[in-house]
Amino acid sequence: MNSVVSKIIAALLSVFAIVYFGYQVYQFLYNPYETKEATVYGYTEQVELNGVVIKEETIINQSFDGVIKYQYENAQKVTAGSKIAELYATEDDLIGNQKILKLNNRIELLNSVKDLGKASLSTSAQGVISNTSKYQADVLKEVRYNDFSNLDNLSDKFLEALLKQKIILNDNADLDNAILNLNSEVNEISSQINGVSVEITAPSSGYFTNQIDGYEGIIALDALNNLSLQSVKALINDTAPATDNEGYIGKLITKTDWYFVSLVESKNISYFSEGEKISLVFDDDTKNKVSAQVINIIPYLDEDYSVVVLSSEILNNKIINYRKETPAALFSSGKGLKVDRSAVRIVNGQIGVYINMGQVVKFKKLDVVYETDDYVISRMIQNSDEIVLDDNGEQINADDYLQLYDEIIVKGEDLYDNKPL
């Protein structure tokens, strides 16, 4: 009997030892609290906008059947009557005319060098030779970096310098045969072109773009005369573009001034002041930052959204085609301590966080200067000889506020001040 009891006791002790050992391992591995160190984080106060760009526009309407060749890049300024495009019957005609244009430029270049003569060129021989080397290096650089935007121009300059050098160094240099051959090539290409190109001219001065979005004449300047919340919502959400855009060559923005009529959450309306200059960032691209001025604020404090109208005089090849956009309005920037939103608590009416201070929970206040849905930024408050007062006029003790490198408790339950961890 004693043997049986001994065995039972031994078994129970073994089970107890296993359970105890398992509990110790669990205690070692399981940590109900998770912390994150308070670090400095740069921020820029910004407000999201949702609105429409309104410009003074003139559509260039021209019926055509064929291929179009534009003479201007988007956002380039044109004068009234200037040629902005050419129409060709076929793509082969367009290609042929482009070849003729290049050949004629080459013929003009050869004639200009030929007319200079050796005597004239010899007086500046050193400069001619230097230019030859320079333009050759420039051409090779363009090719090496796959930047062909200026290659035609550099190639012509290189050829001109090379021809001048040839005339200086060769008494028998003759360009007549080359000019004759180029003229023959021009005549041959001309005979293969079926039709005559048609020129399209600008009806007025302005900034040209070949893009039509269908909102021309629909989202127009007269929208500025009705800026109620409902009308702006309808302008943004319900306005549909015209579907028939055929026959349009492009359009002219006749003034650089444009307007942005926007909805903004009413809780953020206090950021805006009439007459204030701010920056707009489009497409989440901080390089694409545009200066604009607040010209009208229409608050609807009992509604989710209010209306803000901005204006700008900056026009480039991106802005010229903007219409319905959601830019960010940038305001002040600074640095502070970043705190995950999940760690923020309100204790006795004071916003703050719990931190791990030597395995003891401590509550530290936050002075929130910026916040998003995911995190808040707390002002860095440090002890100094200067007396700093809070909003209630009481002196601030920096030790009561979150400090750099404090271990913020971002995960944990049943937290309270002075709780041992």
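In what follows, the accompanying structure is described.

Criteria and cut-off values
Residues numbered from 1 in each chain as written. Predicted model: local features only at pLDDT ≥ 70, side-chain atom pairs only at ≥ 80, totals over all residues. Heavy atoms only, no water. Salt bridge = Lys/Arg side-chain N within 4 Å of Asp/Glu carboxyl O. Helix = DSSP H or I, 4+ residues; strand = E, 2+ residues; numbered from the N terminus. Buried < 20%, exposed > 50% of the residue type's maximum accessible area, 1.4 Å probe, protein only. Pairing = 2+ DSSP bridges. Axes fitted to C-alpha atoms, helices over the stretch in contact; angles between N-to-C directions. Core = buried A, V, L, I, M, F, W, Y, C linked by side-chain atoms within 4.5 Å. Contact = heavy atoms within 4.5 Å. Parallel < 35°, antiparallel > 145°, perpendicular 65-115°, else oblique. Left-handed = near helix turned anticlockwise from the far one by under 90°. Nonpolar A, V, L, I, M, F, W, Y, C, P; charged D, E, K, R; others polar.

1. Side note on the pattern of salt bridges
Two side chains with opposite charge may pair up if their charged atoms get near one another.
Item 1. For the coordinates displayed, the defined rule picks out 15 salt bridges.
Item 2. For the salt bridge of Glu57 with Lys251, the shortest nitrogen-to-oxygen distance reads 3.0 Å. Residue Glu57 is found in strand β3 (residues 50–61), and its partner Lys251 is found in strand β9 (residues 248–265); the two are separated by 194 residues along the sequence. Neither Glu57 nor Lys251 differs from the other in exposure class; each is buried.
Item 3. Across the pair Lys419 and Asp414 runs a salt bridge, and its minimum N-O distance is 4.0 Å.
Item 4. Using a relative accessible area of 59% as the deciding quantity, one classes Asp414 as exposed.
Item 5. Shared partners join several salt bridges into a network, and the residues in it are Lys55, Glu57, Asp213, Glu216, Lys251 and Arg323.

2. Things to note about the sheet that holds strand β7 (residues 198–201)
The strands making up a sheet associate through hydrogen bonds between their backbones, and the pairing can be parallel or antiparallel.
Item 1. The three strands lie next to each other as β4-β6-β7, forming an open sheet whose pairing is antiparallel. If you trace the sheet from one side to the other, it starts and ends with β4 (67–70) and β7, each paired once. When the angles between neighbouring strand axes are averaged without regard to direction, this sheet yields 25°.
Item 2. Here strand β6 (residues 83–88) pairs with β7 via four bridges, running antiparallel.

3. Structural notes on the nonpolar core
Item 1. Within the largest apolar cluster, 25 residues are counted, with the highest numbers of intra-cluster contacts made by Leu49, Trp258, Phe272, Ile278, Leu280 and Leu310.
Item 2. For this core, the elements supplying multiple residues, two or more each, are β9, β10 (277–281), β11 (289–298), β12 (305–312) and β14 (328–340).
Item 3. The biggest single contributor to this core is β9, with four residues.
Item 4. The residues touching Leu49, leaving out its near neighbours within four places in the chain, are Phe260, Ser262, Leu263, Val264, Phe272, Leu280, Leu310, Glu325, Thr326, Pro327 and Ala329.
Item 5. Among the nonpolar cores identified, the runner-up in size contains 15 residues, and Ala223, Ile236, Val261 and Val309 belong to it.

4. Topic: the packing of helix α3 (residues 125–144) against helix α4 (residues 151–169)
Item 1. At a minimum axis distance of 8 Å, the contact between α3 and α4 shows a crossing angle of 150°. By the criterion of interaxial angle, the relationship of α3 to α4 is roughly antiparallel. In this structure, α3 crosses over α4, and the sense of that crossing is left-handed. Residue-level contacts link Ala125, Val128, Ile129, Asn131, Thr132, Tyr135, Gln136, Asp138, Val139, Glu142 and Val143 of α3 to Leu151, Leu154, Ser155, Lys157, Phe158, Ala161, Leu162, Lys164, Gln165 and Ile168 of α4.
Item 2. Its residues placed into classes, the contact of α3 with α4 shows twelve nonpolar, five polar and four charged.

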